[in-house]
Amino acid sequence: MREIVESVNRWFGEGCEVVLACVVRTWGSSPRPAGSLMAISSDGRIAGSVSGGCIEGAVVQSALAAMEDGSWSVEQFHADTARAQEVGLSCGGNVDVAVMPYDPALARLEQAFLSADRTYVRLVGLLDGGDAGTGAMGTTKPLLVVPTAPACDQDTRGLRLVPVPGEEAWSVAIAANAADAAGEIGILKAASEALAASEGRDTGLLACGGASYFFQRMKGRPTVVCVGGTHVAVHLAALARVLGYRTVVIDPRGIFAGAERFEGVDELVRAWPQAYFAEHPLHEGCAVCALTHDPKIDVPAVAAALDSDAFYIGSLGRITTQKARCDALRELGYAQGEISRVFGPIGLDLAGREPAEIALAIMAEITAVRHRANFESSTMLESAWRVEEEERREAERHQLEAVALA
């Protein structure tokens, strides 16, 4: 969504109508995952992608036709059909794409939640009660299921906010002309089920009251926290920003935390990291990278990260540095199982040694951890064990030499 919001705002400002195309189901080797979005303006401009290029043309044609006659639908591209071959879906995948009008008021509210990095759920009704992928289906206009309190602080002109039964903290944002009272009952039930389902997965289909719905949980941006305004941090923050992460750089040393070094960083903090984390708690969307080489800064930062739900913790430095950090954490009372969460030396081993290459290796490891990929890595605890094993062997060698000389 963040890829298309700027274009959507511009098109609405120019007086265009806007259509959203959303991948609601995939199977096989589909080119883009469920939830992928493309926006189409009434004058034929596009933003985003639903397939990486192979079916975009057909989707745009359907969107423009739907603007003319109101025939909103789920466009189906299955690899074994003539239509898929005609449009170029040759990867063997199967893709269902919902094509639907996008209300300006909903777009405005959605942008506000994206800007504030707040979680919400987009819900799309798939008409005729079918399961996406079988039979012809139409779509309703998309809805937003939003946290009630933040929504009340936003511009909700042209929308109705209807509380979700049994979910006091959530409301459904419905375009003023999107549903009558009877349709609202089904929408609220679907919203409740979507909230429950989206706790365990970010996208999916659900059946509710004889209809099918596609839901997509939109989360706040993940965050990369660079502890230390080092040269590596300069490149890491820039790369993380390109990949859609919020970026924070923390360094108590003012000379390293200069704004001219970190142009474009979301937050530049001159403070001790543990003090900052006490006031701004780390969460499960955070990746913490200790980059200073200074134990007075790195060790408390890693300790604070271990006390949080941060999904990634990394420590810069060779294996002897990792051993020293590991010993310091042990002295602070951290068990081996806790220390094993820390990656060190930080980053995948790409063999690069320049600051930008190290930043690339770190971002690659963060990406792999976030998406639960299989990859070779080194943890701080494993590095410490390697050093201890080398020290043990060295001690044995010296002992044998001493016995031989005796």
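Residues numbered from 1 in each chain as written. Predicted model: local features only at pLDDT ≥ 70, side-chain atom pairs only at ≥ 80, totals over all residues. Heavy atoms only, no water.

1. Concerning the sheet that holds strand S9 (residues 167–175)
The strands making up a sheet are joined through hydrogen bonds of the backbone, oriented either antiparallel or parallel. The strand order across the open sheet formed by 6 strands is S8-S9-S7-S6-S11-S10, and the pairing between neighbours is antiparallel. The sheet is open, and its two edges are formed by strand S8 (159–164) and strand S10 (203–208), each paired on a single side. This sheet shows a mean twist of 30° between the axes of neighbouring strands, independent of strand direction. Of the strands in this sheet, strand S6 (120–126), strand S7 (143–147), S8 and S9 touch helix H4 (residues 104–115), which is tilted by about 40° from S7. (Pairing = 2+ DSSP bridges. Helix = DSSP H or I, 4+ residues; strand = E, 2+ residues; numbered from the N terminus. Axes fitted to C-alpha atoms, helices over the stretch in contact; angles between N-to-C directions. Contact = heavy atoms within 4.5 Å.)

2. Digging into the nonpolar core
Soluble globular proteins: nonpolar side chains tend toward being buried together. Judged by nonpolar contacts, the single largest core of 32 residues is most densely connected at Met-1, Ile-4, Val-8, Tyr-102 and Tyr-120. Only helix H1 (5–13), strand S1 (18–27), strand S2 (37–41), strand S5 (94–101), H4, S6, S7 and strand S11 (211–218) provide two or more residues apiece to this core. At 6 residues, H4 tops the list of elements feeding residues into this core. Counting 29 residues, the second largest nonpolar core, distinct from the first, contains Val-248, Ala-305, Ile-339 and Val-342. (Core = buried A, V, L, I, M, F, W, Y, C linked by side-chain atoms within 4.5 Å. Buried < 20%, exposed > 50% of the residue type's maximum accessible area, 1.4 Å probe, protein only.)

3. Topic: the side chain of Ser-383
Among the structural elements, Ser-383 can be located in helix H13 (residues 380–405). Its relative accessible area of 0% is what places Ser-383 among the buried residues. Ser-383 has contacts with Ile-319, Gln-322, Gly-344, Pro-345 and Ser-378, leaving out every residue within four places of it along the chain.

4. Section: the pairing of S10
In S10, alternate side chains face the same way, and those of Gly-204, Leu-206 and Cys-208 are buried while those of Thr-203, Leu-205 and Ala-207 on the opposite face are not. The pairing of S10 with S11 spans 6 bridges and is antiparallel. Looking at S11, one finds that Leu-205 is bridged to Phe-214. Between the end of S10 and the start of S11, which pair antiparallel, lie 2 residues, with Gly-209 showing a positive phi angle near 60°.

5. Topic: the sheet that holds strand S12 (residues 223–227)
Read from one edge of the open sheet, 6 strands run S14-S13-S12-S15-S16-S17, paired in parallel fashion. Each edge of the open sheet is held by one strand with a lone partner, namely strand S14 (267–269) and strand S17 (342–343). Here S12 pairs with strand S15 (residues 286–290) via 5 bridges, running parallel. Bridge pairing in S15 links Cys-226 to Cys-289.

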